[in-house]
Amino acid sequence: MHNLTLLTFLPALGALIVALLPNRDERVLRGITLFVTSVVAVLGVSLFCAFDGSQSALQFTQSVDWFTLGKTNVHYEMGVDGISILLLTLTAILMPFVALSSLGHITERTREFLVWLLLMETGMLGVFASADLVLFYFFWEVSLVPLYFILGIWGGERRLYATVKFFLFTLAGSLLMLLAVIALVSQAAADGVLSTNIAGLTDWASTTPLEAQFWLFAGFAIAFAIKVPLFPFHTWLADAHTQAPTSGSVILAGVLLKMGTYGLLRFGIGMFPAAAINAAPLFMILGAFGIVYGALLAMAQTDMKRLIACSSVSHLGYVVLGMFALTHAGLRGSVLQMINHGLSTSLLFLLFGALYERRHSRAISQYGGVAAVMPLFAFFWVFAVLSSVGLPGLNGFVGEWLILIGTFQRSPVLATFAVTGVIFGAVYLLSATRRLLFGEITHDETRSLKDLNTREVAIVAPLCALCLWIGVQPGVLIEKTSGSLDALVQRVEDTRQGMVVGNLVDPQTEEDVR
Amino acid sequence: MNPDLIDQYFNAECAAALAPLVTLAGGLLLLIVAEWFEPINRLRPLLFVGSILGAAWAEVALLNTPVPAVLGGTYSADKASAMWGLVFLASTLIAWVHARSYYRKSRPFLGEHDMLLLAAPMGMMMMAGALDLTVFFIGLELLSIPLYCLASFRRDRSESVEAGLKYFVLGAFSVGLFLYGVALVYAATGTLSLTALSEAAAAGFSPMAHVGMAFILGSLLFKLSIWPFHLWVPDVYQGAPTPVTILMATGTKAAALAFTLRITGLLPESSAGLIALLAVLTMAAGNLGALVQSNLKRLLAYSGVAHAGTLLLLVAAQRASGDLSYEATSAALFYMAAYVATAGGAFGLLAWLEADGEHFTQIESLKGLGRRRPGMAAAMTLFLLSLGGIPATGGFLAKWMVFSVTLDAHLTGYAIAGVLMSIIALAYYLRVIVAMYMEPASDHVAPPTAKRTDALVATAICAAAVLLMGILPNVFLGLI
């Protein structure tokens with residue numbers, strides 16, 4: 001069996017075992033889950049190491065006939081490029097920690113939870129590993145269902161509202177994408193492309209004229225923009241994050257939102273470069289606006305989980321901004337920032353989750369002086385915050401730096417605007433940290449708080465180490481992506497040349513970007 | 001009798017084409033005989049299932065060697081009709097299995113019930129295979145009259161009698177529409193054969209023939225439950241015994257759709273836009289109606305209306321572009337096959353719950369089902385997700401195929417509208433899932449101890465079919 005298939009479906013197999021095992025002992029079920037996710041993590045890391053970053057073609061590919069729709073052949077086709085291998089590995093690495101953290105806050109209906117968690121992992125890994133458009137869409141929507149249950153059953157007090165909002169928002173996007181997918185497949189079939197292989201469709205779609213690309217691009221882009229979420233589609237995020245259990249928040253922030261940015265990169269820019277070049281100013285403006293807007297929103301929050309959610313909006317603004325700068329530096333930074341945001345936001349959620357389990361309050365004002373009673377917690381929290389605000393030496397810095405460079409090459413004005421987000425980011429996260437950790441102990445309950453236990457340290461310490469490693473050695477990650485990103489930039493530049501020669505683009509738009 | 005005529009009508013081809021009908025008719029006669037003899041009466045289930053399986057076997061044989069036209073060109077047993085036949089038989093079998101649990105307590109006239117139920121697929125097959133308006137009419141009556149009786153079969157419940165009466169009155173009305181249309185068409189063209197009619201249509205219909213076709217289409221829209229002819233659906237589906245609802249929701253709809261797709265060529269080309277508009281309005285009526293229901297049976301009825309709207313898009317697409325006839329038919333077949341398994345499974349679960357005396361038709365009373373009866377709740381979730389068209393279920397690919405045909409026919413705006421409607425649909429399917437899993441049970445009800453092996457097997461098969469159509473669709477697509 002092939003590596004990617006094994007990797008993707010191992011969690012589903014685990015889910016089946018957990019669901020059907022007659023043993024009612026929770027520890028056994030949790031043990032199986034932890035084991036399966038750990039094996040997947042090891043497999044993911046080994047794939048990452050074996051991946052050759054200098055090439056742009058898909059690697060570890062596998063293709064089997066699946067079914068035929070009309071004249072079009074749909075294949076079960078797996079494969080990863082430099083972008084998806086990073087996100088795949090991130091997913092695989094995060095999941096054991098999610099499983100471990102669930103021990104603290106999932107106290108009832110454990111078996112169901114573990115089944116959903118494992119199915120969720122299969123869905124997410126499948127999204128990044130699929131090399132066929134229909135297969136991608138399968139995984140894309142299938143990953144929606146487990147999260148729906150995780151949010152709806154184990155969420156906070158207003159979970160039903162948040163869950164339905166989350167589901168309907170993302171579903172609206174998915175269905176628009178479905179139409180775009182169907183239209184793309186049927187137009188390609190009319191042109192003689194009788195396979196839904198992503199690479200084949202990309203070759204076909206990227207050379208179609210701008211007018212044809214526009215609507216298809218719009219369908220895909222809206223779906224992904226909702227998932228990211230890009231301003232103005234961000235409203236579901238704060239509710240979903242706040243109401244989700246810690247493990248749900250980590251999955252959401254760590255992986256699910258990356259599905260949106262990954263889609264924008266892979267399908268939005270990769271498949272429809274001409275449309276993407278035309279839409280780039282809009283997306284850059286929305287991204288830059290999202291950075292500042294998210295930061296301002298975060299400043300006003302009194303609820304810690306909401307604050308972290310708003311910071312996600314801000315951080316993902318960077319990802320979109322760098323991506324649509326369409327420069328080498330911008331794209332590299334953008335991919336790196338996806339990983340960084342996945343790690344540092346997951347850390348913040350995991351840490352705050354540990355605190356929440358002790359005090360059951362998300363209000364920042366309920367805390368204060370926590371550092372005095374929980375020194376270990378304070379250490380890791382400050383570490384995570386610094387990684388999130390982009391302290392040089394930690395992971396966040398490299399991504400933001402590259403994005404700002406890439407943006408500056410394209411538009412100094414937007415880069416300047418976006419830089420203010422870095423300052424705001426420091427303001428809201430550090431001031432929240434001050435209110436949370438330092439100062440007088442204002443509530444008596446805080447005095448009796450126990451510091452992080454071994455399990456919790458075992459969850460956060462490796463992730464912190466990873467943040468540090470990326471901060472010091474970002475080259476390892478960038479190297480893996482270089483082949484794929486160079487090919488992408490090349491395609492965009494070729495299209496741009498073709499457009500300028502063919503006068504397809506309004507020169508004014510070009511000017512605006514600069 | 002003229003020997004040539006005998007040769008023409010009673011040859012091997014004809015026998016093969018009629019084999020499914022003859023098998024069902026034979027089974028029906030045996031069932032009647034069985035009523036007289038108590039010892040044989042015990043074999044009734046065997047007779048019923050045997051006839052269905054025999055007919056299915058004959059249909060499969062027809063799939064390999066289709067017969068395009070027999071009986072002087074009035075009846076067709078082509079590949080599509082054979083596939084439709086299998087859909088009808090599956091729908092009938094699901095209805096029958098659930099009826100066995102459903103009537104276990106009251107046992108009213110089970111013999112009659114089985115006879116009436118076995119007549120229904122015969123009618124559906126004649127509707128799907130008709131190449132002549134008279135043959136279609138006979139099929140329609142052969143289906144409708146047993147359904148009128150079956151809908152009011154629970155005479156102890158006034159809702160059931162009301163449903164039967166409503167269905168009868170409106171059914172009679174739609175039959176009247178149909179006959180009036182047929183009369184006009186005949187007066188204008190002098191023929192009832194679809195082949196001859198399509199030649200006449202190619203040469204240009206007179207206004208009278210167009211009006212006649214409009215009446216015929218109207219009566220089909222009645223059976224398909226298309227806006228504005230859909231208002232009977234929730235009342236009848238809710239009042240009728242749930243196993244009968246299964247048959248009405250899946251089989252009847254499929255039969256009406258099969259014939260509608262056959263006659264689209266007789267409609268004026270400009271009607272494509274109107275039909276597509278009706279489709280979108282039906283989706284809107286069904287989905288918005290379902291959104292406010294508190295009764296699950298009604299909710300599923302309205303969702304059935306919405307699905308009928310989606311299916312009507314295929315009719316519009318086929319009319320808009322004549323080249324899409326094969327694609328539209330295969331999409332319709334796949335959609336209905338998935339719908340039979342999905343809606344059959346969902347209504348079947350309701351019948352099961354009702355048979356257990358839980359009065360589970362209110363969404364309210366489903367609260368906590370996920371903990372009380374996890375298997376049942378999981379199956380219901382699967383069916384609802386398939387109705388909503390989430391991948392890995394048959395409903396997803398069905399939706400894909402419909403929208404693909406619609407986009408190919410350049411009905412882009414209608415396709416977008418249809419997609420937006422399915423977001424509303426998910427909102428109410430989710431409401432049921434929320435009730436089952438995410439809301440605490442209002443009062444604790446112990447799960448009933450009675451084992452219902454037949455209902456369990458039927459549900460399991462439906463669930464397996466839904467998953468199989470979603471994950472390995474080639475098993476079904478290969479047949480089409």
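Rules used in this analysis
Residues numbered from 1 in each chain as written. Chains lettered and ligands numbered in written order. Predicted model: local features only at pLDDT ≥ 70, side-chain atom pairs only at ≥ 80, totals over all residues. Helix = DSSP H or I, 4+ residues; strand = E, 2+ residues; numbered from the N terminus. Rg over C-alpha atoms; globule rule 2.2 N^0.38 Å. Buried ≥ 20, exposed ≤ 12 C-beta atoms within 10 Å, placed from the backbone. Contact = placed C-beta atoms within 7 Å. pLDDT = per-residue confidence, 0-100. Pairing = 2+ DSSP bridges. Expected span 1.5 Å × (residues − 1). Bend = angle between axes of the 7 residues up to and from the residue. Axes fitted to C-alpha atoms, helices over the stretch in contact; angles between N-to-C directions. Parallel < 35°, antiparallel > 145°, perpendicular 65-115°, else oblique. Left-handed = near helix turned anticlockwise from the far one by under 90°. Nonpolar A, V, L, I, M, F, W, Y, C, P; charged D, E, K, R; others polar. Core = buried A, V, L, I, M, F, W, Y, C linked by C-beta atoms within 7 Å.

(A) Spotlight on the overall build of chain A. A count of helical and extended segments in chain A gives 22 helices and two strands. For 514 residues, the compact-globule formula gives about 24 Å, and the C-alpha radius of gyration of chain A, at 22 Å, lands near that figure. Across its three principal axes, chain A shows a C-alpha extent of roughly 70 × 55 × 40 Å. Within chain A, the fraction of its 514 residues that count as buried is 61%. Of the contacts made within chain A by residues no fewer than 6 positions apart, 81% connect residues no fewer than 24 positions apart.

(B) Quick peek at the overall build of chain B. Broken down by element type, chain B carries 21 helices and two strands. Rg of the C-alpha trace for chain B: 22 Å, near the compact-globule value of 23 Å for 480 residues, within the 12% margin. Counting every position in chain B, which comprises 480 residues, the buried fraction comes to 60%. Here the contacts in chain B between residues at least 6 apart in sequence split such that 79% fall between residues at least 24 apart.

(C) Summary view of the confidence of the model for chain B. Per-residue pLDDT for chain B averages 87, and the proportion of residues at 70 or more is 95%. Scoring of the predicted complex yields 0.90 for pTM and 0.85 for ipTM.

(D) Layout of the pairing of strand E1 (residues 59–69) of chain A. All names here are of chain A. As paired elements, E1 and strand E2 (residues 72–80) share eight bridges and run antiparallel to each other. Paired with Val-64 across the strands is Tyr-76, a residue of E2. Here E1 hands over to E2 after two residues, with Gly-70 in that stretch at a positive phi of 65°.

(E) Summary view of helix H15 (residues 325–355) of chain B. The end-to-end C-alpha distance of H15 of chain B is 42 Å, a good match for the 45 Å that 31 residues give at a rise of 1.5 Å each. Burial runs high along H15 of chain B: 28 of the 31 residues are buried.

(F) Examining helix H11 (residues 246–271) of chain A more closely. Residue and element names in this part refer to chain A. Here H11 spans 35 Å end to end across 26 residues, near enough to the 38 Å set by a 1.5 Å rise per residue. For H11, the principal kink sits at Leu-252 and spans about 40°. Counting buried positions along H11 gives 26 out of 26 residues, so the element sits mostly inside the fold.

(G) Quick look at the interface of chain A and chain B. Contacts between the two partners involve 25 residues from chain A, matched on the other side by 25 residues from chain B. Of all the secondary structure elements, the ones that give two or more residues to the side of chain A that touches chain B are E1, helix H5 (133–142), helix H6 (144–154) and helix H7 (159–190) of chain A. Of the residues forming the side of chain A that touches chain B, the biggest block, 13 residues, is contributed by H7 of chain A.

(H) View of the pairing of strand E1 (residues 67–70) of chain B. All names here are of chain B. Bridging between E1 and strand E2 (residues 75–77) involves two bridges; their strand directions are antiparallel. Bridged to Val-67 within E2 is Ala-77. Between E1 and E2, which follow one another and run antiparallel, lie four residues, and Leu-71 among them has a positive phi close to 55°.

(I) Structural detail: the packing of helix H5 (residues 79–102) of chain B against helix H20 (residues 453–471) of chain B. All names here are of chain B. Look at H5 against H20: their axes get within 8 Å of each other, and the N-to-C directions meet at 150°. Classed by the angle they form, the pair H5 and H20 counts as roughly antiparallel. Relative to H20, H5 is oriented so that their crossing is left-handed. Contacts between H5 and H20 involve Ile-94, Val-97, His-98, Arg-100 and Ser-101 from the former and Asp-454, Ala-455, Ala-458 and Cys-462 from the latter. The residue inventory of the contact of H5 with H20, partitioned by class, reads five nonpolar, two polar and two charged.

(J) Structural detail: unusual backbone geometry. Between Val-228 of chain A and Pro-229 of chain A the backbone carries a cis peptide bond, its omega angle lying at -10°. In this fold, Pro-229 of chain A is placed in the loop between helix H9 (210–227) and helix H10 (235–243). Although it is not a glycine, Ser-225 of chain B sits at a positive phi angle of roughly 60°. Summarising the element assignment, Ser-225 of chain B is placed in the loop between helix H10 (207–224) and helix H11 (232–239). The backbone of Ala-392 of chain B shows a phi angle near 75°, a positive value even though the residue is not glycine. Mapped onto the fold, Ala-392 of chain B is located in the loop between helix H17 (374–388) and helix H18 (394–408).

(K) Here's a closer look at the environment of Glu-357 of chain A. Residue and element names in this part refer to chain A. With respect to the helices and strands, the residue Glu-357 is situated in helix H14 (residues 328–359). Sequence spacing of Glu-357 and Thr-246 is 111 residues, and the spatial spacing of their C-alpha atoms is 9.5 Å. The residues touching Glu-357, leaving out its near neighbours within four places in the chain, are Gly-104 and His-105.

(L) Focus on the environment of Leu-118 of chain B. Residues and elements named next belong to chain B. Relative to the helices and strands, Leu-118 is located in helix H6 (residues 110–129). Placed 223 residues apart in sequence, Leu-118 and Ala-341 show a C-alpha to C-alpha distance of 19 Å. Filtering out sequence-adjacent residues up to four positions away, Leu-118 remains in contact with Leu-24, Gly-27, Leu-28, Leu-31, Phe-48 and Ser-51.

(M) Structural detail: the packing of helix H2 (residues 12–36) of chain B against helix H4 (residues 44–64) of chain B. Residues and elements named next belong to chain B. Interhelical geometry of H2 versus H4 gives an angle of 175° and a closest axis separation of 8 Å. One finds that H2 runs roughly antiparallel with respect to H4. Between H2 and H4, the residues in contact are Ala-16, Ala-17, Ala-19, Pro-20, Thr-23, Leu-24, Gly-27, Leu-30, Leu-31 and Ala-34 and Arg-44, Leu-47, Phe-48, Gly-50, Ser-51, Gly-54, Ala-55, Ala-58, Glu-59, Ala-61 and Leu-62, respectively. Taken together, the residues of the contact of H2 with H4 break down into 14 nonpolar, five polar and two charged.

(N) Summary view of the nonpolar core. If you look at the biggest cluster of nonpolar residues, it comprises 394 residues, and the most contacted ones within it are Val-320 and Leu-351 of chain A together with Met-127, Leu-312, Leu-314, Ala-316 and Tyr-335 of chain B. It is H15 of chain B that provides the largest number of residues to this core, a total of 21 residues.

(O) Main features of the confidence of the model for chain A. The predicted model of chain A has a mean per-residue pLDDT of 87, with 97% of residues at 70 or higher. Overall, residues 503–514 of chain A carries pLDDT values under 50, and its contacts beyond four positions in sequence, including any with other chains, amount to 16 contacts.

(P) Fine view of the environment of Ser-91 of chain B. Residue and element names in this part refer to chain B. In this fold, Ser-91 is placed in helix H5. Judged by the 30 C-beta atoms lying within 10 Å of it, Ser-91 is buried. Once the C-alpha coordinates of Ser-91 and Arg-298 are considered, the two residues, 207 residues apart in sequence, prove to be 20 Å apart.

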